[in-house]
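Here are the chains, one letter per residue:
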Amino acid sequence: MENQIRIDALLPSEMAQRAETIGAAKAVMNAATMFALAVLAGAFISLGALFATTISAGASGVVPFGLVKLLMGLVFCLGLILVVVGGAELFTGNNLIVMAWASGKVSTRALLRNWAIVYAGNFAGSIGTAVLVLLSKQYTFGGGAVGKTALSIATAKVQYGFVQAIALGILCNGLVCLAVWLTYSARSTTDKILAIIFPITAFVAAGFEHSVANMYFIPMGLFIKKFDATWAAASGVDLSSLTWEHFLVNNLLPVTIGNIIGGTVLVALIYWFVYLRDHRA
């Protein structure tokens, strides 16, 4: 019986041990490898964001709001599926390393090193993807509907209040880390994909804020405004608030703070307390 093969999903207590082991391995990864995988993750999440932008283009006023958001959420799942199944390092998901940190298996320095390198890599991958999309002029497709949607999304995201953006970030990464947490129960690729779909669709449909996704969404709008100013002006979108300062201060900073709180406190530390606190190294 001890050698019996199990094909069912891991139990939550086993998922916690897997999360701890994975977190400890991530923390000691070679810096160059970590950065390269983080660039991939930024690109992957950007592809999900691009997919969501395209699928919602021209839908405003035609398709009911909730249905549009549902479709955006479903297609955005592409990003995390690529990260988890393809293998990449995503800052928001790596907030779960806190489980290994709380157990004493990862130092504070190693935790912060991982977050800093991965965050920088995610930013580079997202910006690089936005540049490629700009050069492709994909935003002009659909009679310009894709670009107008991209500008509208970017503009809306820089107009949140600071506290509101933090709260939206908390709610977002609670769901993102729950999606990653659920994949720790998986025995197959299909299991992982199914575990990702509902939490990720929920956060996008609800309008919550993801820092890495915003590293694509907002710069994409900024690039269109800067490098195709005539086209952007003709879109009819008020771009007066769409600036790099508003991107960094009004959105990216508070959303990142919120993502950290949501991932570490609402998911990682709670599950650590329930399943791992008695095993602290």
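1. Focus on the overall build of the protein chain
Within the protein chain, the secondary structure is distributed over 11 helices and zero strands. What you see in the protein chain, going N to C, is helices and strands ordered as α-α-α-α-α-α-α-α-α-α-α. Rg of the C-alpha trace for the protein chain: 19 Å, near the compact-globule value of 19 Å for 281 residues, within the 12% margin. The principal-axis extent of the C-alpha atoms belonging to the protein chain is close to 70 × 35 × 35 Å.

2. Examining the packing of aromatic side chains
Inspection of every chain in the model, using the stated rule, returns 10 aromatic pairs. Centre to centre, the rings of Phe 223 and Trp 244 are 6.0 Å apart; their planes meet at 55 degrees, and the pair counts as tilted. Residue Phe 223 is found in helix H9 (residues 211–227), and its partner Trp 244 is found in helix H11 (residues 244–275); the two are separated by 21 residues along the sequence. A relative accessible area of 38% places Trp 244 in the partly exposed class. Geometry around Phe 273 places Arg 277 over its ring, the cationic atom sitting 4.2 Å from the centre.

3. Quick word on the environment of Val 204
Along the chain, Val 204 falls in helix H8 (residues 189–206). Residues Val 204 and Cys 172, 32 residues apart in the sequence, show an inter-C-alpha distance of 8.1 Å. Sequence-distant contacts of Val 204, that is, excluding residues within four places in its chain, are made with Lys 69, Met 72, Gly 73 and Phe 76.

4. Comments concerning the side chain of Thr 92
Within the secondary structure, Thr 92 is located in the loop between helix H3 (65–86) and helix H4 (98–102). Relative accessible area serves as the criterion here: at 0%, Thr 92 is assigned to the buried category. Discounting residues that sit within four places of it in the chain, Thr 92 has contacts with Asn 173, Val 176, Cys 177, His 210, Ser 211 and Asn 259.

5. Observations regarding the environment of Ala 49
Turning to its location among the elements, Ala 49 is positioned in helix H2 (residues 31–56). Along the primary structure Ala 49 and Gly 79 are separated by 30 residues, whereas in three dimensions their C-alpha atoms are 7.6 Å apart. Not counting residues up to four positions away in its chain, the partners in contact with Ala 49 are Phe 76, Tyr 216 and Phe 217.

6. Overview of the layout of surface pockets
In this structure, the largest pocket spans a volume of roughly 670 Å³. Lining the largest pocket are 30 residues; nearest its centre among them are Ser 56, Lys 69, Met 72, Thr 149 and Ile 153. Of all elements in the fold, only H3, helix H6 (145–157), H8 and H9 reach the threshold of two or more residues within the lining of the largest pocket. In terms of residue class, the lining of the largest pocket is made up of 17 nonpolar, nine polar and four charged. Quantified by volume, the second largest pocket comes out at close to 330 Å³. Every element with two or more residues in the lining of the second largest pocket is listed here: helix H1 (12–27), H3 and helix H7 (162–183).

Reading guide: rules and limits
Residues numbered from 1 in each chain as written. Predicted model: local features only at pLDDT ≥ 70, side-chain atom pairs only at ≥ 80, totals over all residues. Heavy atoms only, no water. Helix = DSSP H or I, 4+ residues; strand = E, 2+ residues; numbered from the N terminus. Rg over C-alpha atoms; globule rule 2.2 N^0.38 Å. Phe/Tyr/Trp six-rings, centres within 6.5 Å; stacked < 30°, edge-to-face > 60°. Buried < 20%, exposed > 50% of the residue type's maximum accessible area, 1.4 Å probe, protein only. Lys NZ or Arg CZ within 6 Å of the ring centre and 35° of its normal. Contact = heavy atoms within 4.5 Å. 1 Å grid on protein atoms, 1.4 Å probe; cavity = no way out; pocket = protein on both sides within 12 Å on 5 of 7 lines; lining within 4 Å. Points joined across faces, edges and corners; volume = space filled by probe spheres on them. Nonpolar A, V, L, I, M, F, W, Y, C, P; charged D, E, K, R; others polar.

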